[in-house]
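Coordinate analysis (summary)
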Amino acid sequence: MTAPSDALLQALERVAGADALAHHTPELVDDCAISLTLRPPDAAALGRCLEVLSDARTGVVVRGGASRLGLGNVPRAAALLLDTRGLAGVESFEPAEGVCRAGAGTPLSVLREKVRAGGWELPLDPPGAGSTLGGAIASGAFGPRAQGYGMPRDAVLGLDVALATGARTRCGGRVVKNVTGYDLCKLYTGSFGALGVLEAAWLRLCPLPQMTVMLEARPDDLDAALRAALAASRRATARAVALHAPAARPGAPLRSVVELAGDSVAVEDERAALCVALEAEEVDPSALDELRAQQAAGELVVRVSALATRLGAAAAALRKAGAELLIYPGLGVLYASFAATTANAFSLAVDIAVAAGGAARLERAPAALKREVDVFGELAAALPLQRALKVRFDPVGVLNPGRSAGRL
Amino acid sequence: MPIDELRSIVGAANCLVSDAELLAYECDGQTLHASRPSAVVLPGCRDEVVAVVKACRAGGVPFVPRGAGTGLSGGATACDGAVVIECSRMQRILEVDAENRFAVVEPGLVNLALSQAVASLGLFYAPDPSSQLVCTLGGNIAENSGGPHTLKHGTTSNHVLALELVLPDGEVVTLGSPTGVVHGFDLVGAVVGSEGTLGVVTRATLRLVPIPDCVETLLGIFPDVVTACRAVGLIIESGLVPAALEVVDDRTIAAVEASAYAAGLPRDAGAVLIIELDGPARAVAVQIERVEALAAQAGASRVDVARDEAERQRFWRARKGAFGAMGRLAPDLYVHDAVVPRSRLPEIIARVCEIGDRHGLTLCNVFHAGDGNLHPNICFDRRNAEELARVVAAGEEILRACVAVGGVITGEHGIGSEKKEYMDLVFDEADLEAMKLLRGAFDPDGVCNPGKLFPTTRSCVESNPKARGYDEVPFA
Ligand SMILES: Cc1cc2nc3c(=O)[nH]c(=O)nc-3n(C[C@H](O)[C@H](O)[C@@H](O)COP(=O)(O)OP(=O)(O)OC[C@H]3O[C@@H](n4cnc5c(N)ncnc54)[C@H](O)[C@@H]3O)c2cc1C
Ligand SMILES: Cc1cc2nc3c(=O)[nH]c(=O)nc-3n(C[C@H](O)[C@H](O)[C@H](O)COP(=O)(O)OP(=O)(O)OC[C@H]3O[C@@H](n4cnc5c(N)ncnc54)[C@H](O)[C@@H]3O)c2cc1C
């Protein structure tokens, strides 16, 4: 990677302060080694930095907690990391309203604790201690609890966004219902930082449940277990359902975990019913996090979405191909981990996902393999629109260049 | 104007051009921004929509998608001599997948028809605008419509999984997936609520949800509307999520009770609050007790629980008959729409009434209180220019008051022609420029539903790509 010119560094120091730039030993984003990090101290400085970067036509990799910086295509040309963690802090939390506002660099764990103390739950699932609010929204990250929480897109009420040009903008608002202008919040959520850098967000919170219960079963037949798990996920209080299937080998046990959350009487009733239906028993609340740790395990991990009724067929086909599976039946999503890192495994997963009415995304793979395929798989129909958006929001390719679907 | 070509595409019977025919299309439910289209076409299928769009492009004429015309912000009004593409003939349900809980429909299908069609499967389509007997799903998608049950079940945006869209250049794209898992930029999310400015929706895959085990409807009687709003605040703060929380004020009650919609409400009630709870029966039973306690704490004089379906319908009649009842008070009804943080409802509702009174207007409130979504309705006669000026002035004051407490200028009816000049109460130039970037990606020439959403006081012309350096971009 060509190093940024001295003139650029001076300009960045001028607008963000000398402390904002740090040289360090190279950090790898895929196979791209970056040894310079720019950390604007506040949103105004972030805007000024982007203006400078835009003028210099210099690409950056936007970085929050860096818990999933590998997700995306290989960066095309990134001279530095743009660290958002200077934009941290819970700026507003209103227990009477069930909404809060925080800087994009705020760790999710901090925000979660803060609202929990006031009787509310942060409806964003990523547990990763280092994950930031901005990173979770930008990557549209959801885990098994999205079943109860809803998707990140449902939680975001408003965003402050610095565009690639440095223009600082707002969209949405702080109220729970709003159609004032285009819903750009939806566009930025899940855009992996390709369209703008999130500065801060207003979120809608969920009430804390009166009662939470974790159940676990050890079924032995994948197809039957999946069917049972899907039925469980359709219960009113099912907040998360996850089914883990190790790579197929005789006698390898499956694990099925169900988290119920809601009004006490409803949870009690459904616990009783599910303990019978799934032959499950109550376990420690950590069971779910333990299970989902498998999601990121493996050298090559693919996320496959599927229609509920075709999830079983997709799971069987992937397992036959040697994958270890973590399935979220109620969300129509599974993560398949392969021991061998071949492009074939991904293209097979793409085919399986398409046959199941969904799509596949390469979550994790060595950079060499990622250079051979688009990690977002097939997006043919919508690609011209995706490109038109990228070109307009980021005309000179400052933000995560090359990383979006279609290598935009 | 390519009239002959339009006729040959949709058939003469489905191409309206006479003055008498076009009169009905001068406006939607918002009558103050009338403008006559140059023609109205009623395509019968996607391919006809494509052909119409291409003919309009070739003829240099803009076009406007339209559903049932019940919109309340002038969204379906034809600016700049546009051709109206009315989707009402495209009203088939193409697929119902009960197991995967979605339906694929054409845009002209009436909202309620979908819920009726899937009821036997134990499912329904959740967004329920009060106009659901007539409004179309295409219109709902364009406006991101809500309804009384949005509080728990979400707005239209939460229920659209995939869309087929005819782009302004006549290309057809499919966005999203019936799995609901977004892949790439969330284009479905961007199109929902885009007020018909990004293309014509020709097919939609919509989420269906199971009919809840148990639904209970409560009617809280309050001494005044401020107290009712206080109860709403206590309920939200408690963490309860009712299916609906609707406030009807004394002025509306009086109008309803004097009309054919009379629901037997106590005439001396200062306001009523309709509370609907749904979910597992045992949980709902406990929630009823919690709601009763909170309502009493706020100052309710009484809370009744509907004993049967007939009584439940009667409670709702107060809400659903409100527009019809108010229609009897004056020739015109201005249905306003704004949102405030829910905890600010008590002060803002007092302020709204004060504004109406000060301008000497008949103003009634019936609204989605749980979402903080106000609907101050002003009865007036638009032939009275002086009264009309007061209506407009009061409306603007209300919007400003809502924005001042952190609210926005529309929660479900959209900006359209009606509120575009108020966009700058909420957004600055840079914010609007970002919205134009989205517009430009779909409709670079601004031919799809022009004259909406963006203020005209500033340049409404799409930004010139050259000026932004798009010719030099590294993507080709
Ligand atoms: C143990 C563990 C479990 C996880 N489980 C899940 C899961 O179940 N489902 C799931 O989807 N993810 C999961 N994740 C992934 C991760 O938590 C999320 O993707 C997200 O929270 C990343 O946040 P981050 O701050 O680390 O972002 P980063 O990794 O720093 O960045 C992620 C992406 O967002 C962009 N970005 C970051 N900040 C901003 C900003 N302010 N503005 C614009 N773009 C920005 C980056 O450029 C990058 O493209 C898990 C991670 C861990 C460690
Ligand atoms: C009595 C009454 C009560 C109402 N109650 C509510 C309520 O509770 N909640 C609520 O949200 N709204 C309500 N409304 C407003 C209105 O009914 C909604 O906005 C509705 O969604 C409009 O649907 P329509 O079919 O009438 O659309 P139209 O008015 O015909 O069009 C509305 C917008 O949709 C666009 N459009 C229509 N079809 C398409 C298509 N196929 N592709 C792209 N764009 C398209 C148009 O261009 C226009 O911008 C109410 C209206 C009335 C008159």
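Preceding block: the structure.
Below: a short report on this structure. (Residues numbered from 1 in each chain as written. Chains lettered and ligands numbered in written order. Predicted model: local features only at pLDDT ≥ 70, side-chain atom pairs only at ≥ 80, totals over all residues. Heavy atoms only, no water.)

1. Here's the deal with a nonpolar patch on the surface
Residues and elements named next belong to chain B. Inclusion rule: Patch rule: a residue counts if its relative accessible area is over 30% and it has no salt bridge; like charges are joined within 9 Å, and nonpolar side chains (Val, Leu, Ile, Met, Phe, Trp, Tyr) within 5 Å. Every accessible area reported is derived by Shrake-Rupley at a probe size of 1.4 Å, with residue values counting cover from the shown protein chains alone. By salt bridge we mean one thing: a side-chain nitrogen of Lys or Arg within 4 Å of a carboxyl oxygen of Asp or Glu. Helix and strand assignments come from DSSP, with helices taken as H or I runs of at least 4 residues and strands as E runs of at least 2, each series counted from the N terminus. For every residue, the accessible area obtained with a 1.4 Å probe (protein chains only) is divided by the maximum for its type, and the residue is called buried under 20%, exposed over 50%, and partly exposed between those limits.
Judged by side-chain polarity, Ile-93, Val-96 and Leu-121 come together as a nonpolar surface patch covering roughly 210 Å² of accessible area. With respect to the helices and strands, Ile-93 occurs in strand β5 (residues 93-97). By relative accessible area, Ile-93 is classed as partly exposed at 31%.

2. A closer look at the packing of helix α8 (residues 222-233) of chain A against helix α11 (residues 311-320) of chain A
The geometry of a pair of packed helices is captured by two quantities: the angle between their axes and the separation between those axes. Residues and elements named next belong to chain A. Basically, it comes down to this: For helices, the fitted axis covers only the stretch in contact; all axes are lines through C-alpha atoms, and the angles between them, taken along N-to-C directions, range from 0 to 180 degrees. Helix crossings are classified by the rotation of the near helix relative to the far one: an anticlockwise turn of less than a right angle makes the crossing left-handed, while a clockwise turn makes it right-handed. What makes two residues a contact is simply this: any of their non-hydrogen atoms within 4.5 Å. Side-chain classes follow a simple rule in which Ala, Val, Leu, Ile, Met, Phe, Trp, Tyr, Cys and Pro form the nonpolar group, Asp, Glu, Lys and Arg form the charged group, and the remainder, Gly included, forms the polar group.
Closest axis-to-axis distance for the α8/α11 pair is 10 Å, and the angle between their directions is 145°. Considering the relative orientation of α8 and α11, their crossing is right-handed. Seen from α8, the contacting residues are Leu-222, Asp-223 and Leu-226; seen from α11, they are Leu-311, Gly-312, Ala-315 and Arg-319. Considering only residue class, the contact of α8 with α11 consists of 4 nonpolar, 1 polar and 2 charged.

3. Digging into unusual backbone geometry
All names here are of chain A. For Arg-57, which is not glycine, the phi dihedral falls at a positive 55°. Tracing the backbone shows Arg-57 in the loop between α2 (43-55) and β3 (60-63). With phi around 45°, Asn-400 is a residue other than glycine that occupies positive phi space. Within the secondary structure layout, Asn-400 lies in the segment after α14 (383-393). Judged by relative accessible area, which is 6%, Asn-400 ranks as buried.

4. Here we look at the packing of helix α8 (residues 225-237) of chain B against helix α13 (residues 345-358) of chain B
Residues and elements named next belong to chain B. Which entries qualify depends on this criterion: Put simply, angles under 35 degrees are roughly parallel, angles over 145 are roughly antiparallel, angles from 65 to 115 are roughly perpendicular, and the rest are oblique.
Running from amino to carboxyl end, α8 crosses α13 at an angle of 155°, the nearest separation of the two axes being 8 Å. With respect to α13, the axis of α8 lies roughly antiparallel. At the point where α8 passes α13, the crossing takes the right-handed sense. For the pair α8 and α13, contact is made by Val-225, Val-226, Cys-229, Arg-230 and Val-232 and by Leu-345, Pro-346, Ile-349 and Ala-350, respectively. For the contact of α8 with α13, the class distribution of residues is 8 nonpolar, no polar and 1 charged.

5. Remarks on the pattern of salt bridges
Scanning the model with the defined rule gives 54 salt bridges over all chains in all. The closest approach of N and O atoms between B:Asp431 and A:Arg170, which form a salt bridge, is 3.8 Å. You can see B:Asp431 sitting in helix α16 (residues 429-442) and its partner A:Arg170 sitting in strand β9 (residues 168-172), one on each of two chains. For B:Asp431, a relative accessible area of 1% corresponds to the buried category.

6. Here's the deal with the environment of B:Ala231
All names here are of chain B. As for its position among the elements, Ala-231 is in helix α8. With a relative accessible area of 0%, Ala-231 lands in the buried category. When the C-alpha positions of Ala-231 and Gln-297 are compared, they lie 7.8 Å apart, and in sequence the two are 66 residues distant.

7. Concerning the interface of chain A and chain B
Threshold: Buried area adds together the accessible area that both of two parts lose upon being put together, with accessible area traced by a 1.4 Å probe. Under the rule applied, a polar contact is a pair of N or O atoms within 3.5 Å (in protein, one hydrogen donor and one hydrogen acceptor; residues adjacent in sequence only if both atoms are side-chain atoms).
With 77 residues of chain A in contact, the opposing surface of chain B contributes 87 residues. Surface buried jointly by chain A and chain B totals about 6,500 Å² across both partners, of which 61% is contributed by carbon and sulfur atoms. Considering only the surface of chain A that becomes buried against chain B, A:Lys177, A:Tyr182 and A:Arg392 emerge as the three largest contributors, covering 15% of it. Applying the counting criterion to the chain A and chain B interface returns 6 salt bridges. One salt bridge in this structure joins A:Asp269 and B:Arg282, with 2.8 Å as the shortest N-O distance. Joining chain A to chain B, the criterion identifies 22 residue pairs in polar contact (both at pLDDT 80 or more). The set of elements that each furnish at least two residues to the side of chain A that touches chain B consists of α6 (152-155), β9, α7 (184-188), α9 (264-277), β16 (300-305), β19 (360-364) and α14 of chain A. Top element by residues in the side of chain A that touches chain B is α14(A). It accounts for 9 residues. Of the residues in the side of chain A that touches chain B, the class split is 38 nonpolar, 16 polar and 23 charged.

8. A word on α9(A)
Rules: One fewer than the residue count of a helix, multiplied by 1.5 Å, yields its expected span.
For α9(A), spanning 14 residues, the distance from its first C-alpha to its last is 20 Å, which sits close to the expected 20 Å at 1.5 Å a residue. When α9(A) is considered as a whole, its buried residues turn out to be A:Val265, A:Ala266, A:Val267, A:Glu270 and A:Leu274. In this fold, the buried residues of α9(A) make contact with β12 (211-217), α8, β13 (238-245) and β14 (255-262) of chain A together with α10 (281-298) of chain B. A positive phi of about 50° marks A:Glu279, the residue just after α9(A).

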